[in-house]
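Residue-level listing of the chains:
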Amino acid sequence: MADARSSDTVHALLKRIDHDRYRVRPGQRLDLARIDPEDNGDFSGRRDDAEALFAALNDRLEALQELLFAEGKHRILVVLQAMDCGGKDGVIRRVFDGVNPAGVDVASFKVPTEVELAHDYLWRVHPHVPANGKMVIFNRSHYEDVLVVRVLELVPEARWRKRYDHIRAFEQLLVDEGTTVLKFYLHISKDEQAKRLQERLDDPEKRWKFRLGDLAARKAWDAYMAAYEEALTRTSTDDAPWYVIPANDKWYRDLVCVAILVDALERLEMRFPPVEAGTEGVVIDA
C-alpha cells in the first residue's frame, strides 16, 4: 500500500473510494430503506485491501490534524448520529486513533439537564463548537432535538418542525465563520442492532452500556427512521452535508469516514506557519 503520510499519493488513494455516493444531496428526498447498510462499495470480499487503505489514510489524517492544529486557521466539526449500537464510539476510537488529543475534543450530548432545558435547545451546543485549529466530534448532537424529541413527543410538532430551519441557519453561521461541518449518519440494519445489543448484554465488560430504554427505542425503529429521513433531507446542504455511511461492517464504515475526513482536510490547502525569525542556524548546546 502506498504511503499517504504526504499529499503526494493521497489523491490517488481517495479515488479508490467513491465516498461522494453517500452524500445526501440538497433537496434529495432520502429513503433509508433503499440504502443497503451492508454495502461495501468496491471492497466486497476485499477486506484486507480495505484495511490497508484505511491504515494509510489514517496516517494521513493524523498528519493533517497536526497541520490543522499548527496552522490555527481552520475549524472542523464532525457530527456523528446513529441508532443505539450504530458505532459512534467505534468511529471515534478507530478513525481518530493517533490524532493529537490537544487539538481534538469530543462532546457528548446526553439527556438535557434542568438548566439546559431552561434555555433554547441550541444553548448547550454552541459552547462546544471548535475554535481555530481545533477539531470537535459531536457524539450525538443538536439533532436529538428533531429525533428523540419528535419520536417521544417531548415538544409539540409545531415547535420541533421549526427547528430544521434553526439548525440550517446555525450550521451556516458556523460555516460562514470558518468551520468545516461534516455530518455522518451511521446506517445499520435492525437485525444488526439486535446482534450488537445481545453481544453487549452478553459481554461482562460491555454490559454496563446496556439500558432497558434501548429496547423501548428499538420498538420505535420505524418512527426513528422516519425522523432521520426527514432530518437528513431537510438539513443536508452544500456547506454542511450529511453522509449516510453503510455501517453493518465496521471496517467499511471506518474506511468511508476516514476518506471523507481526509478529502475535506486536503481541500483546505493548509500550511505550517513560518518559523520564528532568528531561529535559523540555532544549535542547542549539549
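Everything that follows concerns the structure shown earlier in this document.
The present account deals with the structure reproduced in this document.

A few words now on a negative patch on the surface. Among the surface-exposed residues, Asp 59, Glu 62, Glu 66 and Asp 97 lie close enough to one another that they form a single negatively charged patch. Relative to the elements of secondary structure, Asp 97 occurs in the loop between helix H3 (88-95) and strand E2 (104-108).

Further remarks concern the nonpolar core. Within the largest apolar cluster, 88 residues are counted, with the highest numbers of intra-cluster contacts made by Leu 57, Val 95, Phe 96, Phe 138, Phe 184, Tyr 185 and Leu 255. When residues in this core are grouped by element, the largest group, 12 residues, is from helix H11 (residues 250-266). Sequence-distant contacts of Phe 138, that is, excluding residues within four places in its chain, are made with Leu 77, Val 78, Val 79, Leu 80, Ala 107, Phe 109, Val 125, His 128 and Val 129.

The subject of this paragraph is the state of the cysteines. This model, assessed by the stated rule, comprises zero disulfides. Between Cys 85, a cysteine without a disulfide, and Cys 257, which holds the nearest cysteine sulfur, the sulfur-to-sulfur distance is 17 Å. For Cys 85, a relative accessible area of 10% puts it in the buried group. Here Cys 257 falls in the buried class, since its relative accessible area comes to 0%.

What follows covers unusual backbone geometry. Even without being a glycine, Arg 140 presents a positive backbone phi close to 70 degrees. Positive phi is not limited to glycine here, since Glu 269 has a value of about 50 degrees.

Scanning all chains against the criterion turns up 23 salt bridges. Residue Glu 116 is joined to Arg 124 by a salt bridge in which the shortest nitrogen-to-oxygen separation is 3.3 Å. With a shortest N-O distance of 2.2 Å, Arg 168 and Asp 165 are connected by a salt bridge. With Arg 168 and Asp 165 both in helix H7 (residues 163-176) and three residues apart, the pair spans about one turn of that helix. The exposure class of Asp 165 is partly exposed, given its relative accessible area of 40%.

This paragraph deals with a positive patch on the surface. On the surface, Arg 93, Lys 195, Lys 206 and Lys 250 cluster together into a patch of positive charge. Following the sequence through the fold, Lys 250 ends up in helix H11. The partly exposed category is assigned to Lys 250, whose relative accessible area is 43%.

H11 packs onto helix H2 (residues 47-71) with a crossing angle of 35 degrees between their chain directions and a minimal axis gap of 9 Å. Note on packing geometry: the crossing formed by H2 with H11 is left-handed. On the side of H2, the interface is formed by Arg 47, Ala 50, Glu 51, Leu 53, Phe 54, Leu 57, Asn 58, Arg 60, Leu 61 and Leu 64, while H11 contributes Trp 251, Asp 254, Leu 255, Val 258, Ala 259, Leu 261, Val 262, Leu 265 and Glu 266. Its residues assigned to classes, the contact of H2 with H11 shows 13 nonpolar, one polar and five charged.

Over the atoms, a rolled probe matching the size of one water molecule traces out where space is still vacant. Approximately 280 Å³ is the volume attributed to the second largest pocket. Residue lining of the second largest pocket: 17 residues in total, with Arg 23, Leu 182, Tyr 243, Ala 264 and Arg 267 positioned closest to the centre. Elements that contribute at least two residues to the lining of the second largest pocket include exactly strand E4 (179-187) and H11. A per-element tally of the lining of the second largest pocket places E4 first, with four residues. When grouped by side-chain class, the residues that make up the lining of the second largest pocket number eight nonpolar, three polar and six charged.

What follows deals with the sheet that holds E4. Read across the sheet, five strands follow the order E2-E3-E1-E4-E5 without closing on themselves; strand pairing throughout is parallel. The outermost strands of the open sheet, each flanked by one partner alone, are E2 and strand E5 (242-246). When strand polarity is set aside, the average angle formed by the axes of neighbouring strands in this sheet is 20 degrees. The pairing of E4 with E5 spans five bridges and is parallel. By the bridge assignment for E5, Phe 184 is matched with Tyr 243. Its contacts with the sheet place H3 against strand E1 (75-82), E2, strand E3 (135-139) and E4, and it is angled at close to 140 degrees to E1.

What counts and how
Residues numbered from 1 in each chain as written. Predicted model: local features only at pLDDT ≥ 70, side-chain atom pairs only at ≥ 80, totals over all residues. Heavy atoms only, no water. Patch = residues over 30% accessible without salt bridge, like charges linked within 9 Å, V, L, I, M, F, W, Y side chains within 5 Å. Areas by Shrake-Rupley, 256 points an atom, 1.4 Å probe, with all protein chains shown as cover. Salt bridge = Lys/Arg side-chain N within 4 Å of Asp/Glu carboxyl O. Lys, Arg positive; Asp, Glu negative; His and termini not counted. Charge placed at Lys NZ, Arg CZ, Asp CG, Glu CD. Helix = DSSP H or I, 4+ residues; strand = E, 2+ residues; numbered from the N terminus. Core = buried A, V, L, I, M, F, W, Y, C linked by side-chain atoms within 4.5 Å. Buried < 20%, exposed > 50% of the residue type's maximum accessible area, 1.4 Å probe, protein only. Contact = heavy atoms within 4.5 Å. Disulfide = S-S within 2.5 Å. Axes fitted to C-alpha atoms, helices over the stretch in contact; angles between N-to-C directions. Left-handed = near helix turned anticlockwise from the far one by under 90°. Nonpolar A, V, L, I, M, F, W, Y, C, P; charged D, E, K, R; others polar. 1 Å grid on protein atoms, 1.4 Å probe; cavity = no way out; pocket = protein on both sides within 12 Å on 5 of 7 lines; lining within 4 Å. Points joined across faces, edges and corners; volume = space filled by probe spheres on them. Pairing = 2+ DSSP bridges.

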